[in-house]
Amino acid sequence: MDAQQAGIAVPGWKAEVAVLQPINEMFDAQGQARPECARVIAYLLAMESTRLADLGERAHRMFQTMGVTFNVYGDHEGGERIFPFDPIPRIIPAGVWAGLEAGLIQRARALNAFVADIYGEGQIIKDGAIPRDLVIGSPQFRHAAAGIKSPCGVYITVAGIDLVRGADGRFHVLEDNVRTPSGVSYVIENRRIMTRLLPELIRALRVSSVENYPAYLLASLREVAPGGISDPTVALLTPGPFNSAFFEHVFLSQQMGVELVEGRDLVCVGHKLFMKTVHGLRRIHVLYRRIDDDFLDPVVFRPDSLLGVAGLTAVLRAGNATLANAIGTGVADDKGIFAYTPAMIRYYLGEEPLLPIVETYLLRDPEVRAAVLRDLDHYVVKPTGASGGYGVVIGPSATDEELEQARRRIAAAPADFIAQPVFPLSVHPTLAGGVAGGKAALVARHVDLRPFVLLGARPRVLAGGLTRVALREGSLIVNSSQGGGSKDTWVLEE
Amino acid sequence: MLRRIAGSLFWAARYLERAQWRARLVDVNYHLLLEVPPRDAEPWEPLVWITAEQELFATLHSHVTEASVIDFYVFEKENRSSIRNCIESVRANLSPLRHLISSDLWLAVNRLYLESHGWTAQTLSAAGVSAFFADLQRHFYTIEGIIVNTMPRDMAYDLIEIGTMLERPDNVSRLLDVKYHYLLPRQEEIGGPADLRQWAAVLRSASAFEAFRKVYGNAVRVDRVVEILVFDPAFPRSIRFGIERLARVLARIAAREDEPAPRSLPCADLLKILRAGSAPQTIADGLHEFLIGIEAMCARLAGHVFDRYMSLE
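Residues numbered from 1 in each chain as written. Chains lettered and ligands numbered in written order. Predicted model: local features only at pLDDT ≥ 70, side-chain atom pairs only at ≥ 80, totals over all residues.

A. Representation of helix H8 (residues 129-150) of chain B in the model. Residues and elements named next belong to chain B. With 22 residues, H8 extends 31 Å between its outermost C-alpha atoms, agreeing within 8% with the 32 Å of an ideal straight helix rising 1.5 Å per residue. When we look at burial in H8, the residues that qualify are Phe132, Phe133, Leu136, His139, Ile143 and Ile147. Down the axis of H8, the buried set is contained in an arc of 115°. They therefore lie on one face. Facing away from the buried side of H8, by more than 90 degrees, are the exposed residues Ser130, Ala131, Asp135, Arg138, Tyr141, Val148 and Asn149. (Helix = DSSP H or I, 4+ residues; strand = E, 2+ residues; numbered from the N terminus. Expected span 1.5 Å × (residues − 1). Buried ≥ 20, exposed ≤ 12 C-beta atoms within 10 Å, placed from the backbone. Arc of directions from axis to C-beta.)

Below is the structure:
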């Protein structure tokens, strides 16, 4: 089967999208405020520019104060790293959100069905809807997961799906995160800051609350517990204080009221999972893990791992505990397999995808590769095995030398790369860097959106998500490791 | 509560107590030597004996001087029990479980840590020894006050108590032992002015001088010092007081457990000895042997508590 038969696009044209103008989330092409943003814009315009600048300052100060409470974790130098925050909110009207929500649930269900299938019967491969070697060859495929059944059929309890808004105003899926997606604590913290900065505006606009996320998460985790347990015990497994997301682990465990455990707190006895408490061993039914597959169980994965617990895989296989997310879910967010996700939705759900994906070309296909290499400066090239924006080459802004390097690397291991046409990420008015002489100026910066979807007995979507903003002028990379910041996302109620 | 967390609370408390104790030792010795010009060649040497760190000290310094001992006690990064390292250990133990302690406690510990982190060799001379230790003591009192006033009396609080009460008797015992056996310069007589000044310094090191005077007046006598520091049921830094408190904490934890309470607490033997003993008799029988015995029993008790509530094995 080749790419075209599977419905995968082959680039036969110069990527015209590169010249498309990105849309502005708050203003239309005529410079008029979009209806859902009119009140926010009027409010901001009515503020004196010094007060507007002050908004940024106050946000920064509040984050520093709160930042002390979260960044000193794991930072033995006592320093503070703050995820930069922009106080201009990103607005999503109720109607748009309803569409997104349906699309996100559809997507999470299909990805979940895919994981269940490939570690079970493998029907999708037998039916030829996705190449076998692409699945088995994925660095995220885990043989150890084969045959492990999850209660409720849920493998992906938590999904973070990265969306970008194109020149046509539609949200497209840029990538999925179905291993241990992070960032939700910032969504909640950002909102806490904004309710102090702009309380009257939040009330007037009827912004959906994000405070319910921990309760949603706990409910979902309890629902996927092994059958017959009336009051399951949930614990959150962290790699420990030196992990960059440790703040979030503490935050979520505290908000959910569950124990925050490390590998050394756990023990498997008689194919059951326990934590070591001062009053003896206590059974755990659902483990919300925030460590990677490779470190989970030294018996099955990396034998040198001290972060996991020996025997966990056997406990899961015996059906005596549920792991959220399950082992091997990463295969569903593999950047190469991403190209097949629309096909997956059709295959498992018999539905048309509600959310389009950013066109994705697999460079392992010689024909596709030749086409992409011809116009490499029009594409974004991503290594399939990396995340966090590392190793990404953006054609239009790359130097000749960088392009040449990319060519060499692609030639050496074509299956390790995908290419996407340069996507005109929407821009959003942003205060960052716009303060001059005490006066505030709003500048346009590229944004994306990471909403969070939970699967349990029923799906739940957090009304909002993490809006990441590329603070550097012209930059398309929003990752915090690459100079990105975040904004509060306001989903409006009907 | 997870056993790992129990261990962290226990060690945080021990290191806090140790840092505080060491700060007092150095402060008192410094002031003692200000008042009385030393006749000994190395009047700071006993401090290294008290904490049994002669070997480590010798690897770092060739001479026992005021500067080298203070440096070793307060700032030395190679010394796990230097005040700086103790403070760092308190913070490192509490940091991952900040969500379980009051934010006031965390902020106070972190403030002390950040301050200690900025210490250099010049800090002491710039601030002056007295002001430096007075400031340090204020930090410790603040932290203790926050613990007592903001923490619910649950397992977390109990473990802090256990850590403190296992560290304290050990320190008192060593202080007494060293003074009793090694400290007096040869040419001085027992009960002479130098001897009495040293016993007064011992009391001050245990913050016991004022309490002592209230009970016994000005007449400092060896048996009375031993009485107040070992057998006194009312003085908060006496060995007996600490073990009595420990017994109450262990009983409280046992009562909270689902299992039936043990018939006798692991500290029952120790308690019996401390309740029955008296200073004159103990001195007559040999104070050194007695204190060695107490230290061994404390170590066994610590081992028992560790196995019971903290060990991950």
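Past the structure itself, the notes keep going.
B. Region of interest: the pairing of strand S18 (residues 443-450) of chain A. Residues and elements named next belong to chain A. Where burial is concerned, most of S18 is hidden: six out of the eight residues are buried. Here strand S15 (residues 427-430) runs beside S18; their pairing, made up of four bridges, is antiparallel. Its bridge partner lying in S18, histidine 428 is registered against arginine 445. Examined bridge by bridge, S18 and strand S21 (residues 466-470) share four bridges and lie antiparallel to one another. Paired with arginine 450 across the bridge in S21 is leucine 466. (Pairing = 2+ DSSP bridges.)

C. Spatial organisation of the domain arrangement of chain B. Residue and element names in this part refer to chain B. Segmentation of chain B into domains returns domain 1 (1-150) and domain 2 (152-313). Between domain 1 and domain 2, the C-alpha centre-to-centre distance is 20 Å. Elements that contribute at least two residues to the side of domain 1 that touches domain 2 include exactly helix H1 (3-35) and helix H2 (45-50). Of all the elements, H1 adds the most residues to the side of domain 1 that touches domain 2, at 17 residues. Residues that form the side of domain 1 that touches domain 2 fall into these classes: 18 nonpolar, one polar and eight charged. (Domains from an automatic or database assignment. Nonpolar A, V, L, I, M, F, W, Y, C, P; charged D, E, K, R; others polar.)

D. Just the sheet that holds strand S10 (residues 322-324) of chain A, in detail. All names here are of chain A. Across the sheet, four strands lie side by side as S5-S4-S9-S10; this open sheet has parallel pairing. The strands lining the two open edges of the sheet, one partner per strand, are strand S5 (259-261) and S10. Taken over all neighbouring pairs, the strand axes of this sheet differ in orientation by 30° on average, direction set aside. (Axes fitted to C-alpha atoms, helices over the stretch in contact; angles between N-to-C directions.)

E. Structural detail: the environment of glutamate 115 of chain B. In this fold, glutamate 115 of chain B is placed in helix H6 (residues 103-117). Each C-alpha atom of the pair glutamate 115 of chain B and serine 102 of chain B lies 20 Å from the other, and the pair is 13 residues apart in sequence.

F. Examining the nonpolar core more closely. If you look at the biggest cluster of nonpolar residues, it comprises 225 residues, and the most contacted ones within it are Phe114 and Val115 of chain A together with Leu229 of chain B. When residues in this core are grouped by element, the largest group, 14 residues, is from H1 of chain B. Built from parts of two domains, this core gets at least three residues from each of domain 1 (1-150) and domain 2 (152-313) of chain B. In contact with leucine 229 of chain B, not counting residues within four places along its chain, are Val172, Leu176, Ala206, Ala208, Ser238 and Ile239 of chain B. (Core = buried A, V, L, I, M, F, W, Y, C linked by C-beta atoms within 7 Å. Contact = placed C-beta atoms within 7 Å.)

G. Quick peek at the confidence of the model for chain B. For chain B, the average pLDDT comes to 87, and 93% of its residues sit at 70 or higher. If you check the scores for this complex, the pTM reads 0.85 and the ipTM reads 0.81. (pLDDT = per-residue confidence, 0-100.)

H. Structural detail: the interface of chain A and chain B. Facing the 16 residues of chain A at the interface are 16 residues of chain B. Ranked by residues supplied to the side of chain A that touches chain B, first place goes to strand S7 (residues 272-277) of chain A with three residues. For the side of chain A that touches chain B, the per-class residue count stands at seven nonpolar, four polar and five charged.

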